[in-house]
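Here's the letter readout for the chains.
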Amino acid sequence: MERRAFFKLAGLSAAVLTVGGTLGACEAGKLPDNPLTAANEANETAGQSSVMGQPAISFDADVDVLIVGSGVAGLSAAMDPLEAKRSVMVVEKLDLLGGESYESNGVMRIAGTDVQQGAGVKTTVDEAWEARKKELSAAGIEDLEFAKTLFAAATDWANRLASDYNAQFADPKTYVDGKVNTSVMLPKNGLGDMQSVMMPLRDGLTAKGATFSTGHRAIAFILNESGAACGMRFCVESGTSVLDVRARRIVVATGGFASSQPLVHANTPDYERVGCYTVASMGEGQQLCALLGGQLLDMDKAAPLTSNLPQATAWGMFGPTVIVDALGKRFAREDDANAAAGACFSEERGYWWTVFGKQLTESSQSRSIAEVTSKNTKRLIGPFDDLDALAAGMGVSADVLNETFDRYNGFVKDGKDADFGRTLYLDELEAPYYALKQLPQRYKSSGGVKTDKTGQVLSIVGAVIPNVYCCGAAAASSVGGLASNGAFGMLVGQAVAAALDAEDAEDAAAPQDAS
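A brief structural summary. (Residues numbered from 1 in each chain as written. Predicted model: local features only at pLDDT ≥ 70, side-chain atom pairs only at ≥ 80, totals over all residues. Heavy atoms only, no water.)

### A few points about the overall build of the protein chain
And then number 1: Each helix and strand counted, the protein chain has 16 helices and 21 strands in total.
And then number 2: Per-residue burial for the protein chain yields a buried fraction of 54% across its 515 residues.
And then number 3: Counting every atom, the protein chain has about 21400 Å² of accessible surface; 49% of that belongs to carbon and sulfur. (Helix = DSSP H or I, 4+ residues; strand = E, 2+ residues; numbered from the N terminus. Buried < 20%, exposed > 50% of the residue type's maximum accessible area, 1.4 Å probe, protein only. Areas by Shrake-Rupley, 256 points an atom, 1.4 Å probe, with all protein chains shown as cover.)

What follows is the structure in structure tokens.
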């Protein structure tokens with residue numbers, strides 16, 4: 001029999017918080033100087049019955065699977081357990097489901113899906129992987145084997161979302177040109193339209209029996225008599241009450257730590273003075289897993305930057321653009337969504353302009369162009385019929401801007417970008433011209449919780465921590481993209497469903513106590 005007095009907490013507000021007392025601070029706290037010492041203290045204090053500062057543990061819900069975080073990884077992790085008729089609860093700290101996946105630009109790196117093949121895009125996963133592997137390797141991704149696993153699984157993930165959950169994807173014919181973008185998928189209405197993917201997934205999970213709770217921040221694992229995680233305590237963001245959930249398996253899908261200034265300061269201090277686009281990636285999942293004895297890996301690895309207008313960074317993947325700095329000089333390739341922000345920050349250029357023309361405003365991403373520019377009119381210059389007028393509007397030298405475009409147009413004629421290696425949409429811009437001003441910002445972090453290939457959290461000695469899984473941007477092995485995070489969540493959901501089946505089978509086969 002499980003005795004309530006033996007439940008204890010391992011959480012953010014203290015190294016060990018056990019049964020009894022009154023509610024204390026309910027905010028995500030600072031990671032102790034040595035989280036492993038904190039975890040050891042948790043084991044040493046198992047005999048204690050109370051610590052001031054927290055109310056007694058009283059379970060408000062009891063489920064098979066508890067998923068912490070409702071981004072694309074968390075929601076995808078719910079699919080297989082639900083389809084196996086398991087009870088699943090998804091808890092989100094924000095007031096709305098979807099996490100920061102809902103606010104992303106929507107570019108998904110996938111190949112070989114039913115949607116793509118139906119549109120005549122015949123590129124296979126293996127063919128697409130060769131190019132993707134080079135990109136990931138150049139970005140510093142070391143575990144290319146697992147990255148390939150996620151890339152391949154993303155195809156099945158997208159197919160399931162479309163066929164089983166009615167997720168809506170854009171027709172690839174609208175943005176695939178020859179061999180361009182053959183391993184890219186977009187939501188139905190193009191860049192920025194993640195509601196066409198996330199909302200059907202949410203509704204489909206609800207129809208299969210998932211329960212959701214918003215406005216609850218995870219603050220502690222609940223540990224049973226043996227010290228294994230058996231649930232999670234949440235703080236109600238808008239009040240002082242708590243929510244205790246018992247679960248047989250817990251999936252941590254809380255995202256990265258890019259929004260946490262203390263964690264950025266501690267791990268990647270060179271980036272602490274850069275603004276941040278995200279607001280909710282506070283690193284609670286990483287901190288909680290560390291307090292449980294989990295290993296954190298590559299937290300000090302710098303992540304790429306983006307624009308304060310993230311959709312605009314992807315425009316160069318779908319039409320011709322020219323990126324110039326405050327002096328009107330080109331300084332980065334335009335078909336890499338992170339290149340401008342990274343170069344602008346590292347070279348201390350302050351800000352940059354994305355210059356575009358008629359081809360982009362009339363492209364497959366015209367909706368994104370209209371949406372971004374209408375919301376950011378103070379950052380938009382144009383339309384102008386010639387480069388001299390554009391230069392005057394931007395406040396740069398007409399001679400410098402014309403020289404920049406003359407050089408760029410020379411690369412167009414040669415069919416090779418000798419300065420920065422652009423390959424997609426290396427075309428001359430057509431008037432009328434516009435320019436959009438942007439700043440570099442953080443939007444993601446690298447590193448996180450170390451897991452095995454099924455997403456189970458690993459300790460500092462490499463042992464599996466019972467009952468706890470991690471996926472998406474909270475995990476060290478995530479490569480950070482929407483599709484790979486969704487695939488990661490799906491694989492974790494499959495592993496959780498299989499583990500519960502095996503556990504039930506083992507229990508059924510065990511001799512029954514006659515008493």
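### Topic: empty space enclosed by the protein
And then number 1: Taken as a whole and judged by the stated rule, the model has 2 cavities of 30 Å³ or more.
And then number 2: Estimates place the volume of the largest cavity at around 90 Å³.
And then number 3: The wall of the largest cavity is formed by 14 residues, among which Thr268, Ala303, Arg442, Lys444 and Ser445 lie closest to the centre.
And then number 4: For the lining of the largest cavity, the residue count by class is 8 nonpolar, 3 polar and 3 charged.
And then number 5: Its boundaries defined by the atoms lining it, the second largest cavity holds a volume of some 70 Å³.
And then number 6: In terms of lining residues, the second largest cavity is bounded by 13 residues, among which Ala312, Thr313, Ile323, Ala340 and Thr354 are the most central.
And then number 7: Looking at the lining of the second largest cavity, the elements that each hand over two or more residues are helix 10 (310-313), strand 14 (321-325), helix 11 (339-346) and strand 15 (352-356).
And then number 8: Split by residue class, the lining of the second largest cavity holds 6 nonpolar, 5 polar and 2 charged. (1 Å grid on protein atoms, 1.4 Å probe; cavity = no way out; pocket = protein on both sides within 12 Å on 5 of 7 lines; lining within 4 Å. Points joined across faces, edges and corners; volume = space filled by probe spheres on them. Nonpolar A, V, L, I, M, F, W, Y, C, P; charged D, E, K, R; others polar.)

### Some points on the nonpolar core
And then number 1: Leu66, Trp157 and Phe221 are the most contacted members of the largest nonpolar core, which totals 91 residues.
And then number 2: In terms of residue count, helix 16 (residues 482-509) provides more of this core than any other element does, 9 residues in total.
And then number 3: Residues lining this core come from more than one domain, with at least three contributed by each of domain 1 (58-303 + 446-507) and domain 2 (305-442). (Core = buried A, V, L, I, M, F, W, Y, C linked by side-chain atoms within 4.5 Å. Domains from an automatic or database assignment.)

### Some thoughts on the pattern of salt bridges
And then number 1: This model, assessed by the stated rule, comprises 24 salt bridges.
And then number 2: Between Arg202 and Asp203 there is a salt bridge; the shortest N-O distance is 2.8 Å.
And then number 3: Under the relative-accessibility criterion, Asp203 is labelled partly exposed at 40%.
And then number 4: Its salt-bridge partner being Glu347, residue Arg349 comes within 2.5 Å of it at the nearest N-O pair.
And then number 5: Under the relative-accessibility criterion, Arg349 is labelled partly exposed at 29%.
And then number 6: Salt bridges linked by common partners bring Asp64, Arg86, Arg248, Arg249, Asp501, Glu503 and Asp504 together as one network. (Salt bridge = Lys/Arg side-chain N within 4 Å of Asp/Glu carboxyl O.)

### With respect to helix 9 (residues 284-291)
And then number 1: Burial within helix 9 is extensive, with 8 of its 8 residues counted as buried.
And then number 2: Listing the buried residues of helix 9 in full gives Glu284, Gly285, Gln286, Gln287, Leu288, Cys289, Ala290 and Leu291.
And then number 3: Gly293 sits one or two residues past helix 9 and shows a positive phi near 105 degrees.

### Considerations on the sheet that holds strand 11 (residues 275-276)
And then number 1: Reading across from one edge, 11-18-13 is the order of the 3 strands in this open sheet, with mixed pairing throughout. Pairing within the sheet leaves two strands with one partner each, and these edge strands are strand 11 and strand 13 (306-307).
And then number 2: Relative to strand 18 (residues 440-442), strand 11 runs parallel, the two being bridged by 2 bridges. Bridge assignment links Gly275 to a residue of strand 18, and that residue is Gln441. (Pairing = 2+ DSSP bridges.)

### Side note on the pairing of strand 4 (residues 88-92)
Working note: regular strand, side chains alternate between the two faces of the sheet.
And then number 1: Extensive coverage of strand 4 is indicated by the burial of 5 of its 5 residues.
And then number 2: The alternating pattern of strand 4 places Val88, Val90 and Glu92 and Met89 and Val91 on opposite faces, both of which are buried.
And then number 3: Across 4 bridges, strand 4 lies against strand 7 (residues 211-214) in parallel orientation. Bridge pairing in strand 7 places Val91 opposite Ser213.

### A word on helix 13 (residues 366-375)
And then number 1: The set of residues buried in helix 13 consists of Ser368, Ile369, Val372 and Thr373. What you see down the axis of helix 13 is that its buried residues fit within an arc of 115 degrees, all on one side. Away from its buried face, by an angle of more than 90 degrees, helix 13 presents the exposed residues Ser374 and Lys375.
And then number 2: In this structure, the buried residues of helix 13 make contact with helix 10, strand 15, helix 12 (358-361), strand 16 (380-384) and strand 17 (433-438). (Arc of directions from axis to C-beta. Contact = heavy atoms within 4.5 Å.)

### Details of the side chain of Ser307
And then number 1: Topologically, Ser307 is positioned in strand 13.
And then number 2: Take Ser307: its relative accessible area is 0%, and that puts it in the buried class.
And then number 3: Polar contacts involving the side chain of Ser307 include one to the main-chain amide nitrogen of Leu309, which spans 2.7 Å.
And then number 4: For Ser307, the side chain forms a polar contact with the side chain of Gln438, separated by 2.8 Å.
And then number 5: For Ser307, the contacting residues outside a window of four places in its chain are Thr313, Ala341, Trp352, Gln438 and Leu439. (Polar contact = N/O pair within 3.5 Å; in protein donor to acceptor, adjacent residues only side chain to side chain.)

### Examining the environment of Asn376
And then number 1: Its location among the elements puts Asn376 in the loop between helix 13 and strand 16.
And then number 2: When its relative accessible area of 18% is taken as the criterion, Asn376 is described as buried.
And then number 3: Remark: the alpha-carbon pair of Asn376 and Lys437, spanning 61 residues in sequence, is separated by 9.3 Å.
And then number 4: The residues touching Asn376, leaving out its near neighbours within four places in the chain, are Leu309 and Leu436.

### Concerning the sheet that holds strand 14
Sheet strands associate in pairs through backbone hydrogen bonding, adopting either a parallel or an antiparallel arrangement.
And then number 1: The strand order 14-15-17-16 describes an open sheet built from 4 strands, whose pairing is antiparallel. The two strands at the open ends of the sheet, each matched to only one other strand, are strand 14 and strand 16. When the angles between neighbouring strand axes are averaged without regard to direction, this sheet yields 20 degrees.
And then number 2: Summarising the sheet, strand 15 and strand 17 pair through 5 bridges and their orientation is antiparallel. Bridged to Thr354 within strand 17 is Leu436. (Axes fitted to C-alpha atoms, helices over the stretch in contact; angles between N-to-C directions.)

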